[in-house]
Amino acid sequence: MTRAPVCSSCIDALAPDRDIPRCPQCARGFATSEAVAAGACGICQRETPKFDRAAVAGPYEGALRRAIHLLKYDGMAPLARPLGERLALAAAPFADFDAIVPAPLHWRRRWGRGFNQSDLLARELSRQTQIPLDRRLLRTRSTPPQAGLSASERRRNVQGAFAPAGDKTAIRGKKLIVVDDVMTTGATLEACARVLKRAGAAKSPSSPWRARIWVSSDLK
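Note that the coordinates shown come from a computational prediction; the quantities given were computed from them, not determined experimentally.

With that settled, the discussion passes to the overall build of the protein chain. When helices and strands are tallied, the protein chain shows nine helices and six strands. Taken across its 220 residues, the protein chain has 51% of its residues classed as buried. Within the protein chain, residue pairs in contact and separated by at least 24 positions form 75% of the contacts whose partners lie at least 6 positions apart. Counting only carbon and sulfur atoms, one obtains 51% of the accessible surface of the protein chain, whose full area is about 10800 Å².

Now for the nonpolar core. If you look at the biggest cluster of nonpolar residues, it comprises 27 residues, and the most contacted ones within it are Leu71, Leu83, Ile100, Leu125, Ile177 and Val179. Listing elements by their share of this core, those giving two or more residues are helix 4 (62–74), helix 5 (80–90), helix 7 (117–129) and strand 5 (176–183). Among the elements that line this core, the one with the most residues is helix 5, at five residues. Counting 19 residues, the second-largest nonpolar core is a separate cluster that includes Ala103, Ile171, Val178 and Leu189.

What follows concerns helix 7. Under the 1.5 Å per step criterion, the end-to-end length of helix 7 is 18 Å for 13 residues, consistent within 8% with the ideal 18 Å. The complete set of buried residues in helix 7 reads Gln117, Ser118, Asp119, Leu120, Leu121, Ala122, Glu124, Leu125 and Ser126. Where helix 7 starts, the residue carrying a side-chain oxygen 3.0 Å from the main-chain nitrogen of Ser118 turns out to be Asn116. In the stretch just after helix 7, Gln130 is the one whose phi turns positive, near 70°.

A separate point is the pattern of salt bridges. Pairing between side chains of opposite charge can happen when the charged atoms of each approach one another. On inspection of all chains with the given rule, the structure shows nine salt bridges. As a salt-bridge pair, Asp96 and Lys175 come within 2.7 Å of each other at their nearest N and O atoms. Taken together, the positions of Asp96 in the loop between helix 5 and strand 2 (99–102) and Lys175 in the loop between strand 4 (162–164) and strand 5 put the pair 79 residues apart, joining distant regions of the chain. Classification of Lys175 by relative accessible area gives buried; the value is 17%. Put simply, Arg81, Glu124 and Arg127 are held in one network by salt bridges that share partners.

Geometry of a packed helix pair, given as the angle between the helix axes and the separation of the axes. Between helix 8 (residues 151–158) and helix 9 (residues 187–198), the shortest axis-to-axis distance is 9 Å and the interhelical angle comes to 40°. The angle between the axes of helix 8 and helix 9 places the two elements in the oblique class. Of the two elements, helix 8 crosses helix 9, and the hand of that crossing is right-handed. Residue-level inspection shows Arg154, Arg155 and Val158 of helix 8 in contact with helix 9, the latter providing Ala187, Thr188 and Ala191. The residue inventory of the contact of helix 8 with helix 9, partitioned by class, reads three nonpolar, one polar and two charged.

For the rest of this paragraph, the subject is the state of the cysteines. By the definition in use, this model includes zero disulfides. Free of any disulfide, Cys44 has its nearest cysteine sulfur in Cys26, 3.6 Å distant. The class of Cys44 is buried, set by a relative accessible area of 8%.

Tracing the chain through its elements places Lys197 in helix 9. The exposure class assigned to Lys197 is buried, which follows from its relative accessible area of 16%. Separated by 24 residues in the primary sequence, Lys197 and Gly173 have C-alpha atoms spaced 9.0 Å apart.

For strand 5, the buried fraction is high: eight of the eight residues fall into the buried class. Here strand 2 pairs with strand 5 via four bridges, running parallel. Within strand 5, the residue paired with Pro102 across the bridge is Val179.

It is worth spelling out helix 5 at this point. The α-helix winds at 3.6 residues per turn, so residues separated by three or four positions along the chain end up facing the same way. Counting buried positions along helix 5 yields eight of 11 residues, so the element is predominantly enclosed. Turning to helix 5, its buried residues number three or more, namely Ala80, Pro82, Leu83, Gly84, Arg86, Leu87, Ala88 and Ala90.

Turning next to the side chain of Ser126. Note that Ser126 resides in helix 7. With residues near it in sequence (within four places) discarded, Ser126 still touches Ile100, Ile131, Pro132 and Leu133.

With a phi close to 70°, Gln130 is a non-glycine residue in the positive phi region. Checked against the element boundaries, Gln130 lands in the loop between helix 7 and strand 3 (137–139).

Conventions used here
- Residues numbered from 1 in each chain as written.
- Predicted model: local features only at pLDDT ≥ 70, side-chain atom pairs only at ≥ 80, totals over all residues.
- Heavy atoms only, no water.
- Helix = DSSP H or I, 4+ residues; strand = E, 2+ residues; numbered from the N terminus.
- Buried < 20%, exposed > 50% of the residue type's maximum accessible area, 1.4 Å probe, protein only.
- Contact = heavy atoms within 4.5 Å.
- Areas by Shrake-Rupley, 256 points an atom, 1.4 Å probe, with all protein chains shown as cover.
- Core = buried A, V, L, I, M, F, W, Y, C linked by side-chain atoms within 4.5 Å.
- Expected span 1.5 Å × (residues − 1).
- Polar contact = N/O pair within 3.5 Å; in protein donor to acceptor, adjacent residues only side chain to side chain.
- Salt bridge = Lys/Arg side-chain N within 4 Å of Asp/Glu carboxyl O.
- Axes fitted to C-alpha atoms, helices over the stretch in contact; angles between N-to-C directions.
- Parallel < 35°, antiparallel > 145°, perpendicular 65-115°, else oblique.
- Left-handed = near helix turned anticlockwise from the far one by under 90°.
- Nonpolar A, V, L, I, M, F, W, Y, C, P; charged D, E, K, R; others polar.
- Disulfide = S-S within 2.5 Å.
- Pairing = 2+ DSSP bridges.

The quantities given are spatial measurements derived from coordinates; they are silent on function.
Here it is in structure tokens:
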């Protein structure tokens, strides 16, 4: 149940899509049978992502897209619970991971919005999985919104925008799940993974994975 003004049938429509074959590296839907045979999507064949693997809660369309917009832009925080429940289903293979790290907002944007939607999802994922929450990743500079930027512009936009806070030894060797609300090219999550790995987080083949709600708009 949720206190948000959303009917139960719309909540039920948020169920994860398990029927689409997906890239084992980034979880994008395979576009061709050749990609399925290759074992990786064309994007990952051209360039290996900085994160190690991805979990998918669903494509950014239909009921899921509307729910994310209600959470993110209309402040309907109670929707974090059903969205987090779907995210927990997708993150079931991560039961032995050490911590959940929400993708951070710059303090100015968080102050203006009143919350960080990725943090709300990470908190719910932590509650569902009992994996501790770790907020030591900070956004050190304000950046323009990623929407409308090309893939290369997105990477440049978030380059150097994140840094770990506090004692870096606390994450050394740890397997981390990075949670974001929406992903298009993966630039933000790659930037987060790069910083955490440099700080000593566990690397391939174990971690850091990223659990997130996947954007399928241009990556089907």
